[in-house]
Amino acid sequence: MRDIETIGILGGGQLGRMLTLEAKRMGYRVVTLEPLPNSPCGQVADEQIVAAYDDLRAIGELGARCDVVTYEFENIPLASVRALENDGRLVRPSGDVLRIAQDRLLEKTFVRDAGCTVAPFAGVSDASDLERAIETIGFPAVVKTTRGGYDGKGQWVVRDVADARAAFAEANGAVLIFESFVPFDLEVSVICARGSDGTIVSFPVTENQHDHGVLATTIVPARVSDEIAARVKSQAVTVGEKLGIIGAYCIEFFVMADQIFVNEIAPRVHNSGHYSLDATQISQYEAHVRAICDLPLVTPKLFDAAVMVNILGTNSGDRLDGVHELLADPDTKLHVYGKRHAALRRKMAHFTVLGDDVAAALAKAETARGLLSWRAPRSN
Ligand code: AMP
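Structure report, in brief.

Parameters at a glance
Residues numbered from 1 in each chain as written. Predicted model: local features only at pLDDT ≥ 70, side-chain atom pairs only at ≥ 80, totals over all residues. Heavy atoms only, no water. Pairing = 2+ DSSP bridges. Helix = DSSP H or I, 4+ residues; strand = E, 2+ residues; numbered from the N terminus. Axes fitted to C-alpha atoms, helices over the stretch in contact; angles between N-to-C directions. Core = buried A, V, L, I, M, F, W, Y, C linked by side-chain atoms within 4.5 Å. Buried < 20%, exposed > 50% of the residue type's maximum accessible area, 1.4 Å probe, protein only. Contact = heavy atoms within 4.5 Å. Near = heavy atom within 4 Å. Polar contact = N/O pair within 3.5 Å; in protein donor to acceptor, adjacent residues only side chain to side chain. Areas by Shrake-Rupley, 256 points an atom, 1.4 Å probe, with all protein chains shown as cover. Nonpolar A, V, L, I, M, F, W, Y, C, P; charged D, E, K, R; others polar. Salt bridge = Lys/Arg side-chain N within 4 Å of Asp/Glu carboxyl O. Phe/Tyr/Trp six-rings, centres within 6.5 Å; stacked < 30°, edge-to-face > 60°.

As for the sheet that holds strand S4 (residues 68–71)
Piece 1. Spatially, four strands are ordered S3-S2-S1-S4 in an open sheet, and the strand pairing comes out parallel. Each of the sheet's edge strands pairs with one partner strand only, and the pair in question is strand S3 (47–50) and S4. Each strand of the sheet is rotated relative to its neighbour by a mean of 25°, with strand direction disregarded.
Piece 2. Pairing geometry for strand S1 (residues 6–10) and strand S2 (residues 29–34), over five bridges, is parallel. Paired with Leu 10 across the two strands is Leu 33, which belongs to S2.

Here you go:
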């Protein structure tokens, strides 16, 4: 067992912030590295190193100040994680895991080879690959860049050959994955955490609703049969074991009738796990800290049904109105991330509502959502 006092986090967003708050509660020091000063995570961490993610001198400094380094998003350069590992620093999850999760083609191939179900897909590096994919996968399909996409960016739904060629042209030489479009009934995800001793625990399966590619609402537990939920968890555990990941991770699935398809692996804490701060006795953030610090992992227990609502900016001001009314409900918890500008679709905050069942929590969440709006601050 390692003696860990200080945790390093690559990335300074809200996931890092919530991870830091839980780590601090558990007695750890936290240092974050992120290019923008006074980041959501930097505001609550012991220190923030203000540097680019590919600044290897700064990355080396982070490694020197910490006993373990982790990350809160997967689009950090693999070379930075490799540099830490080559310096003998402990990085959890490892660079090998990050490499797979950063590349949709490697990821889908890995998941398929692990025996899990995925929608038919093909890699597209050039025009002849595209024609082959059109023939073998067919339409409708989703074309995605293999790297760097998030929240629905870098992807195109294509319904015919003309669409597919247009997407290929727009991608401008980026390597692509051509996937069969899944007309799913719902999207679900599951957060798991795996320790260095191989223990894996899983959180309840959640149902995720998106708006313009950005997560809007998470419903817990997902409205799927026990049998589907068990299959989702079992595939997520299999992926975690095969990856040998250490830390929390999230696997997203499409559910279509009685079929499930893995969509994506996030080797980190995830937006769809925010609810766990308020609705389970151990949050995904605590589970991650426990996993990377060699503390015991315990099975999460759900207190009540829960609905998490993301509060996104609208570009109409930086002051959130309606908080007074929102907080009148005893079953509602608000989490605000400390970002100054509520730009359009920027994740600014979230709230979680608990209820006796999903219908009750959803009804309250919908009312609560309607209470909130953004406005410009009064000028004095
Ligand atoms: P992703 O970045 O892969 O998570 O995709 C963003 C969103 O696009 C997903 O949450 C789905 O709503 C949609 N999507 C992605 N891939 C597919 C697919 N193969 N079939 C249908 N919808 C998809």
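Details of the nonpolar core
Piece 1. Of all hydrophobic cores here, the largest spans 37 residues; its most connected members are Ile 7, Tyr 28, Val 289 and Cys 293.
Piece 2. Looking at this core, the elements that each hand over two or more residues are S1, helix H1 (14–25), strand S9 (186–194), strand S12 (214–220), strand S13 (247–256), helix H10 (284–292) and strand S15 (305–312).
Piece 3. If one sorts the elements of this core by residue count, H10 sits on top with five residues.
Piece 4. Setting aside residues up to four positions removed in sequence, Tyr 28 forms contacts with Ile 4, Glu 5, Ile 7, Ala 23, Asp 46, Val 289, Cys 293 and Leu 295.
Piece 5. Formed by 29 residues, the second largest nonpolar core is a distinct cluster that contains Ile 228, Ala 229, Val 239 and Phe 253.

Observations concerning the site of the ligand
Piece 1. The local shell around the ligand holds 14 residues, among which Arg 104, Lys 144, Glu 179, Val 182 and Glu 187 are the closest.
Piece 2. Residue Lys 144 places a side-chain N or O atom 2.8 Å away from an oxygen atom belonging to the ligand.
Piece 3. Here a nitrogen atom of the ligand sits 3.0 Å away from a polar atom, N or O, in the main chain of Ser 180.
Piece 4. Isolated, the ligand exposes 480 Å² of accessible area, and the fraction of that covered by the protein chains is 89%.
Piece 5. Looking at the shell around the ligand, the elements with two or more residues in it are strand S6 (141–145), strand S8 (176–180) and strand S14 (259–266).
Piece 6. A per-class count over the shell around the ligand returns five nonpolar, four polar and five charged.

Description of the pattern of salt bridges
Piece 1. One pass over the structure, following the stated rule, counts 26 salt bridges.
Piece 2. As a salt-bridge pair, Glu 47 and Arg 65 come within 2.3 Å of each other at their nearest N and O atoms. Taken together, the positions of Glu 47 in strand S3 and Arg 65 in helix H2 (residues 56–65) put the pair 18 residues apart, joining distant regions of the chain.
Piece 3. Relative accessible area serves as the criterion here: at 33%, Arg 65 is assigned to the partly exposed category.
Piece 4. Residue Arg 369 pairs with Glu 366 through a salt bridge whose shortest N-O separation is 2.9 Å. On the criterion of helical spacing, the pair formed by Arg 369 and Glu 366 is a turn pair, its members being three residues apart in helix H12 (residues 358–371).
Piece 5. The class for Arg 369 is partly exposed, based on a relative accessible area of 30%.
Piece 6. Classification of Glu 366 as partly exposed rests on a relative accessible area of 39%.
Piece 7. One network of salt bridges, in which partners are shared, links Glu 22, Arg 25, Glu 286 and Arg 290.

Digging into the packing of aromatic side chains
Piece 1. For the structure on display, the rule yields three aromatic pairs.
Piece 2. Summarising the aromatic geometry, the rings of Phe 139 and Phe 178 are spaced 6.1 Å apart at their centres and angled 65° between planes, so their arrangement reads as edge-to-face. Here the residue Phe 139 occupies a position in the loop between helix H6 (127–137) and S6, and Phe 178 occupies one in strand S8, the gap between them amounting to 39 residues.
Piece 3. Overall, the relative accessible area of 31% leaves Phe 139 in the partly exposed class.
Piece 4. Relative accessible area serves as the criterion here: at 1%, Phe 178 is assigned to the buried category.

Remember, this is a structural readout, not a statement about activity or role.
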